[in-house]
Number of protein chains: 2
Amino acid sequence: MRKEYLMTPGPTPVPPEVLLVQAKPIIHHRTPEFSSILAGVIDDLKYVFQTKNDVLLFASSGTGAMESAVINCFSPNDKVIVTSNGKFGDRFVKLTETYSLNVIKLEYDWDKVVNPDDIKDQLKKNSDVKGVFVTQSETSTGVLNDVQKIGQIVKDTEAILIVDSITGLGAVETKTDEWHLDIVMSGSQKGLMLPPGLACVSVSEKAWEAVKNSKLPRFYFSYEKAKKSLEKNTTPFTPAVSLIIGLSEALKMIRKEVLENVIRRHSILAMAARSGIEAMGLKLFAPPEGRGNAVTPAWVPDGVDGKALVKMMTNKYGITIAGGQDHLAGKIFRVGHLGYFERFDILTTLAGLEMCLCELGYRFDLGSGTTAAEKVFMENQF
Amino acid sequence: MRKEYLMTPGPTPVPPEVLLVQAKPIIHHRTPEFSSILAGVIDDLKYVFQTKNDVLLFASSGTGAMESAVINCFSPNDKVIVTSNGKFGDRFVKLTETYSLNVIKLEYDWDKVVNPDDIKDQLKKNSDVKGVFVTQSETSTGVLNDVQKIGQIVKDTEAILIVDSITGLGAVETKTDEWHLDIVMSGSQKGLMLPPGLACVSVSEKAWEAVKNSKLPRFYFSYEKAKKSLEKNTTPFTPAVSLIIGLSEALKMIRKEVLENVIRRHSILAMAARSGIEAMGLKLFAPPEGRGNAVTPAWVPDGVDGKALVKMMTNKYGITIAGGQDHLAGKIFRVGHLGYFERFDILTTLAGLEMCLCELGYRFDLGSGTTAAEKVFMENQF
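**What to know about the overall build of chain A**
Counting its secondary structure elements, chain A contains 13 helices and 12 strands. Taken over C-alpha atoms, the radius of gyration comes to 21 Å for chain A, in line with the 21 Å a tight globule of 382 residues would show. If you line up chain A on its principal axes, its C-alpha atoms span 60 × 55 × 35 Å. In chain A, buried positions account for 52% of the 382 residues. In chain A, the proportion of contacts linking residues at least 24 apart, taken out of those at least 6 apart, comes to 73%.

**Comments concerning the domain arrangement of chain A**
Residue and element names in this part refer to chain A. Structurally, chain A comprises domain 1 (16-256) and domain 2 (259-379). Centre-to-centre separation of domain 1 and domain 2, based on C-alpha positions: 28 Å. For the side of domain 1 that touches domain 2, the residue count by class is 11 nonpolar, 10 polar and 5 charged.

**Structural notes on the interface of chain B and chain A**
Across the boundary between the two partners, chain B contributes 23 residues, which contact 23 residues of chain A. A total of 8 residues in the side of chain B that touches chain A trace back to one element, the largest contributor, which is helix α12 (residues 343-359) of chain B. Residue composition of the side of chain B that touches chain A, by class: 10 nonpolar, 4 polar and 9 charged.

**Some points on the nonpolar core**
Soluble globular proteins tend to pack their nonpolar side chains together in the buried interior. By size, the foremost hydrophobic cluster in this structure holds 232 residues, and its most contacted members are Val132, Ile183 and Met185 of chain A together with Val132, Leu161, Ile183 and Met185 of chain B. Beyond its immediate stretch of four places on either side in the chain, Met185 of chain A contacts Gly62, Ala65, Met66, Ala69, Asp164, Ser165, Ile166, Ala199, Cys200 and Val201 of chain A.

**Quick look at the sheet that holds strand β9 (residues 295-299) of chain A**
Residues and elements named next belong to chain A. Read across the open sheet, the 3 strands follow the order β9-β12-β11; overall the sheet is antiparallel. Each end of this open sheet is capped by a strand with a single partner; those strands are β9 and β11 (322-323). Bridge count between β11 and strand β12 (residues 332-336): 2 bridges; the pairing is antiparallel. Bridged to Ala322 within β12 is Arg334. Its contacts with the sheet place helix α10 (residues 259-279) against β9 and β12, and it is angled at close to 15° to β9. Against the sheet, helix α11 (residues 306-317) makes contact with β11 and β12, and its axis sits at roughly 30° relative to β12, the strand it touches most.

**Here we look at the sheet that holds strand β8 (residues 199-203) of chain A**
All names here are of chain A. Strand order in the open sheet formed by 7 strands is β2-β8-β7-β6-β5-β3-β4, and the pairing between neighbours is mixed. Each edge of the sheet is formed by a strand with only one pairing partner; in this case those strands are β2 (54-58) and β4 (102-107). Looking at each pair of strands side by side, their axes are set apart by 20° on average, direction ignored. Of the strands in this sheet, β2, β5 (129-135), β6 (160-164), β7 (183-187) and β8 touch helix α3 (residues 62-73), which is tilted by about 160° from β7. Along the sheet face, helix α5 (residues 116-125) touches β3 (79-84), β4 and β5 and points at about 150° away from the line of β4.

**Quick look at the packing of helix α5 (residues 116-125) of chain B against helix α6 (residues 147-154) of chain B**
Residues and elements named next belong to chain B. Running from N to C, α5 and α6 cross one another at 15°; their axes reach a closest spacing of 9 Å. Judged by the angle between their axes, α5 and α6 are roughly parallel. Remark: the crossing between α5 and α6 carries right-handed chirality. Seen from α5, the contacting residues are Pro116, Ile119, Lys120 and Leu123; seen from α6, they are Lys149, Ile150 and Ile153. Looking at side-chain class alone, the contact of α5 with α6 contains 5 nonpolar, no polar and 2 charged residues.

**Notes on the relation of the copies chain B and chain A**
In screw terms, the move from chain B to chain A is a rotation of 180° and a rise of 0.0 Å along the axis, fitting with an RMSD of 0.0 Å. On the angle and the small slide along the axis, the relation comes out as a two-fold axis. Among all C-alpha atoms of chain B, that of Gly367 of chain B lies closest to the rotation axis, at 3.1 Å. Taken together, the interface assignments show that 100% of the residues at the interface of chain B recur at the interface of chain A, consistent with an identical surface on both copies.

**A word on the environment of Lys307 of chain A**
Residues and elements named next belong to chain A. Tracing the backbone through its elements, the reader meets Lys307 in helix α11. With 25 residues separating them in the primary sequence, Lys307 and Ile332 have C-alpha atoms 9.0 Å apart. Excluding residues that lie within four positions of it along the chain, Lys307 makes contacts with Gly323 and Gly330.

**Quick notes on unusual backbone geometry**
A negative phi angle is the norm for most residues apart from glycine, just as the trans form is the norm for most peptide bonds. That bond from Gly10 of chain A to Pro11 of chain A is cis: its omega, -5°, falls within 30 degrees of zero. Despite not being glycine, Gln50 of chain B shows a phi value in the positive range, around 50°. In this model, Val258 of chain B sits at a positive phi of 80°, which is unusual for a non-glycine residue. Summarising the element assignment, Val258 of chain B is placed in the loop between α9 (241-257) and α10 (259-279). Taking the number of C-beta atoms within 10 Å as the measure of exposure, Val258 of chain B has 11 and is therefore exposed.

**Considerations on helix α7 (residues 205-213) of chain A**
Residue and element names in this part refer to chain A. Buried residues of α7: Ala207, Ala210 and Val211, and no others. Angularly, the buried residues of α7 cover 105° about the axis, an arc narrow enough to put them on a single face. Turned more than 90 degrees away from the buried face of α7, the exposed residues are Glu205, Lys212 and Asn213. On its buried side, α7 packs onto α3, β5, β6, β7, β8 and α8 (223-230).

Conventions adopted
Residues numbered from 1 in each chain as written. Chains lettered and ligands numbered in written order. Predicted model: local features only at pLDDT ≥ 70, side-chain atom pairs only at ≥ 80, totals over all residues. Helix = DSSP H or I, 4+ residues; strand = E, 2+ residues; numbered from the N terminus. Rg over C-alpha atoms; globule rule 2.2 N^0.38 Å. Buried ≥ 20, exposed ≤ 12 C-beta atoms within 10 Å, placed from the backbone. Contact = placed C-beta atoms within 7 Å. Domains from an automatic or database assignment. Nonpolar A, V, L, I, M, F, W, Y, C, P; charged D, E, K, R; others polar. Core = buried A, V, L, I, M, F, W, Y, C linked by C-beta atoms within 7 Å. Pairing = 2+ DSSP bridges. Axes fitted to C-alpha atoms, helices over the stretch in contact; angles between N-to-C directions. Parallel < 35°, antiparallel > 145°, perpendicular 65-115°, else oblique. Left-handed = near helix turned anticlockwise from the far one by under 90°. Least-squares fit on C-alpha atoms with pLDDT ≥ 70 in both. Arc of directions from axis to C-beta.

This is how it looks when you write it as structure tokens:
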């Protein structure tokens, strides 16, 4: 017998409370009942986004939301700065190039943070920049970029700041209004504790100005259409009804725990994962100045086959962790702790890692990882 | 946030596969559809009971099944030997006395096994003994009594052997036919991985003879009525429909894992629990010659309040373990690993125990318990 443990940075585990409401008989979306649920969801999302801006919903994955920012806010040949220090930064590069924007790329090694000063320099050199794209929490590497600092830089320019917070929202602080983040996006299968299929985007006043000037064609992902419908508590196209009903329940859980505590819990889980992994003698991938709370990547130790490690975790112990992506495939592994996670999820993953690494010939003190994590949990209650 | 971990010897966790079939719309029990499910369940139960005897089902708890053995097989003043080395042995004493049987009590300290030779002696002294009652796996103490040996002794007498295997079935070997066990009973919320509410009883040819001679009144728990209905693939009274449908799924899981592997898994989980607990410097409650696979009880260490330990496990970590019962309340704790349990359930419980014991002032090497259990799991695959 084997139970399944989903320890990836997305999809993430879905709480039974959410699964149960999603299992209710489907209701029609053009009804007062659904409109009332939708209105509540939007209110609660604003609480999580820490914003008074509009928050729009799309039946799509996170990539759909990323694309929506490009096609709603820009026109061909618009000059934009796109930062990238990982796979999802690269995706913004591809997206902006696909729509023929004039892209200034700021690319970094994947184990480095985006340097806000580089953005400042480029903005000085290019007064016609219309947008800056940043990935807050890089799912591919666990690196956290300082969008607060970047917000301070971008706010006094003509450019809008577009933040991919797909694995950030609900795991790290994302103070949309206070930090001047014009567009922030997330996906359902992350900190919002839902199955995949739903994306949400916040749009600031400054961003709405950009939307007005944008000339790229759009229909399904149109911010104007979505906003106009939301004013009547509905959606322009068929919404993902059961996911929105699930989201309503998940947001109630976040409200009940209180957002501050949710983020604190994530930071403690991340701290325990890091302590455990380091106690086992492994090296963390992300730099000390940019370690997020959503996922902890570490280097596979010398002599161990990283792909075999990830495979053994699943096949032998039922624990799904993520491997490295692109050029990091087989070289790092990534432990997710984003959304419906608590202490024993981390301890389970660390115990599984210990048993697998031991079997794969890595020499270390068996139990050192779990013990270090237990210490973190005893010293940091949630 | 806290997740809930049910680590008691009953009720035990229910697999999602079983929960899902139980959530299907209810069907009527007087239908070919239900009859076919019932027939399959009885076949699969015979596989788990390792018997060709009749296996009967009752919508009741395990105690109902215990009572059924008394009222179906005996008459007032019948002489019976009732062994007891725990709370559930005591229950057989109460039950047989309630129905005015002539009870020879063989009582033992709760940390001792029932001595088969004592039964042999009593049977020699009392040739008119009609039944011998034994608890195979004492839920209150984790002690395992040797029903195989007792079966060898009782089989050549006029007496029938009644075995409470409520927490034994599916966790330890219970070879009903090979060991000459005339009545064996279990409950749904144990090794069968279901919610409470269903009991099953196997009845041998020799036991059916006793049923014929029994003069105690019975209606709901009548073995004759149950058998007669089962011959037509139905039940005399309304069955617990959704539990039986759930049981059908649970038994499929057991068939798929193969009974031998199910029992092996339980023995490895028990070994890991014992190793972990002993590595933390705690003393096991059950004697080495009688340690079952269903539940591991241990003495609360000196200076620690046992009730506070159990309470802290639940309140702080969401882990429900059992305390001691009756005179052992506050003195021992019991970790269940019966039914839908695997490695990380044990590791979670041990990690929780370590953190709680540490906080309650007990001095030991933090991590020693989980490390010892990891070693057991690495050396014993399932």
